[in-house]
Amino acid sequence: MSNVILIVEDEKDLLSTLDYNLTREGYRTRCASSGREALAAAFEAPVPDLVVLDLMLPDMSGTEICRRLRADARTKAIPVVMTTAKSEEIDRVVGFAVGADDYVVKPFSVRELLLRVRAVLRRVRTEPPEQALTQLEFGRVRLDTAAHRCWVDGDETVLTALEFKLLTTLLERRGRVQTRDMLLSDVWGFSAELTTRTVDTHVKRLRQKLGPAGRYVETLRGVGYRFAASPSEDAT
Ligand code: CA
């Protein structure tokens, strides 16, 4: 059975272009040109295998739709490829914070979008939801997630349980922006009593402990943090 793709786009021409091309690629498509339509179509059975989601819609933002999909058990695992205009940089970041799996910047080539769609579907199919890897290596850092141990350039660095969790969370989501609020809820598990300052304090300590590898953790002023996408990426 071919995958069902929900296309959410309020620009009519673009919507029909995407519909045409995705259909030609063998996908079954469902189209929506507003947030309201998108949500209705997303909860229709069978739920889509992937959503191509426009960030700017007349009645609702793509991030809001993404958030609602993530909040419901039926739709929370559906991968989302966000489409955004260039000027929407910050919103794009927020898009990642609410869990978009990938994005393309408008104007994009249909070919590029098709490649992203295919790649995301492949990743979802082959990746088990929980990563079973216990040995992680990234440039100068090596982690044993089962034993909760960390080495930088071969020397062990002792991290607290919290610092370890912060590091693995950032590392697993490398290349993606993590807002302080996100880190609070995912690393600390709750956010009521804590302020975003807590995150800054712990990231600072973690960076110090990582020494030369601390530069992998990049600060995005006013937004949050990002682990380098690759060890060679120079954050300085
Ligand atoms: Ca739009």
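The model shown is predicted, which means the values in this text are computed figures rather than measured ones.

Asks: Lay out the sheet that holds strand β6 (residues 135-138) with the relevant residues and their values.
Replies: Spatially, the four strands line up as an open sheet ordered β6-β7-β8-β9, and their pairing is antiparallel. Among the strands making up the open sheet, the edge pair consists of β6 and β9 (155-157). The average angle at which neighbouring strand axes cross in this sheet is 25°, direction not considered. As judged from the four bridges shared by β6 and strand β7 (residues 141-144), these two strands associate in the antiparallel manner. Considered in β7, the bridge of Phe 138 is made with Val 141. The strands that helix α6 (residues 161-172) touches are β6, β7 and β8 (149-152); relative to β7, the one it contacts most, it runs at about 115°.

Asks: So what's going on with the coordination of the calcium ion? Residues and values would help.
Replies: Each protein donor to the calcium ion is listed here as Asp 10 (OD), Asp 54 (OD) and Met 56 (O); together their distances run 2.2 to 2.3 Å. Each donor residue of the calcium ion belongs to the same chain, and together they define the spacing D-x43-D-x1-M. Taken as a pair, Asp 10 in the loop between β1 (4-8) and α1 (12-24) and Met 56 in the loop between β3 (50-54) and α3 (62-71) lie far apart in primary sequence, 46 residues in all. Assessed through its relative accessible area of 31%, Asp 10 is described here as partly exposed.

Asks: Before we move on, can you summarise the packing of helix α2 (residues 35-43) against α3 with the specific residues and values?
Replies: If you want to describe how two helices pack, look at the angle between their axes and the distance between the axes. Where α2 meets α3, the axes come as close as 10 Å, and the angle between the chain directions of the two elements is 25°. Considering the angle they form, α2 stands roughly parallel to α3. Crossing handedness for the pair α2 and α3: right-handed. In contact with Gly 35, Ala 38, Leu 39, Ala 42 and Phe 43 of α2, α3 contributes Ile 65, Arg 68 and Leu 69. Residue composition of the contact of α2 with α3, grouped by class: six nonpolar, one polar and one charged.

Asks: Describe α3, listing the residues and the values that go with them.
Replies: Among the residues of α3, those classed as buried are Gly 62, Thr 63, Ile 65, Cys 66 and Leu 69. Viewed along the axis of α3, the buried residues span an arc of 160°, placing them on a single side of the element.

Asks: If you had to explain the sheet that holds strand β2 (residues 28-32) to someone new, which residues and values would you point to?
Replies: Adjacent strands of a sheet pair through backbone hydrogen bonds, lying either parallel or antiparallel. Strand order across the open sheet formed by five strands is β2-β1-β3-β4-β5, with parallel pairing between neighbours. Of all the strands in the sheet, the pair left with one neighbour each is β2 and β5 (102-106). Along the sheet, successive strands turn relative to each other by an average axial angle of 15°, direction set aside. Sheet topology places strand β4 (residues 80-85) next to β5; five bridges connect them, and they run parallel. From the neighbouring strand, Met 82 faces β5, where its bridge partner is Tyr 103.

Asks: Break down the environment of Lys 106 for me, citing the residues and quoting the values.
Replies: Mapped onto the secondary structure, Lys 106 falls in strand β5. For the pair formed by Lys 106 and Asp 54, sequence separation is 52 residues and the distance between their alpha carbons is 9.8 Å. Polar side-chain contacts of Lys 106 include one of 3.1 Å to the side chain of Glu 9. At 3.5 Å, the side chain of Lys 106 forms a polar contact with the side chain of Glu 11.

What counts and how
Residues numbered from 1 in each chain as written. Predicted model: local features only at pLDDT ≥ 70, side-chain atom pairs only at ≥ 80, totals over all residues. Heavy atoms only, no water. Pairing = 2+ DSSP bridges. Helix = DSSP H or I, 4+ residues; strand = E, 2+ residues; numbered from the N terminus. Axes fitted to C-alpha atoms, helices over the stretch in contact; angles between N-to-C directions. Contact = heavy atoms within 4.5 Å. Donors = N, O, S within 2.8 Å, 3.2 Å for Na, K, Ca; no water. Buried < 20%, exposed > 50% of the residue type's maximum accessible area, 1.4 Å probe, protein only. Parallel < 35°, antiparallel > 145°, perpendicular 65-115°, else oblique. Left-handed = near helix turned anticlockwise from the far one by under 90°. Nonpolar A, V, L, I, M, F, W, Y, C, P; charged D, E, K, R; others polar. Arc of directions from axis to C-beta. Polar contact = N/O pair within 3.5 Å; in protein donor to acceptor, adjacent residues only side chain to side chain.

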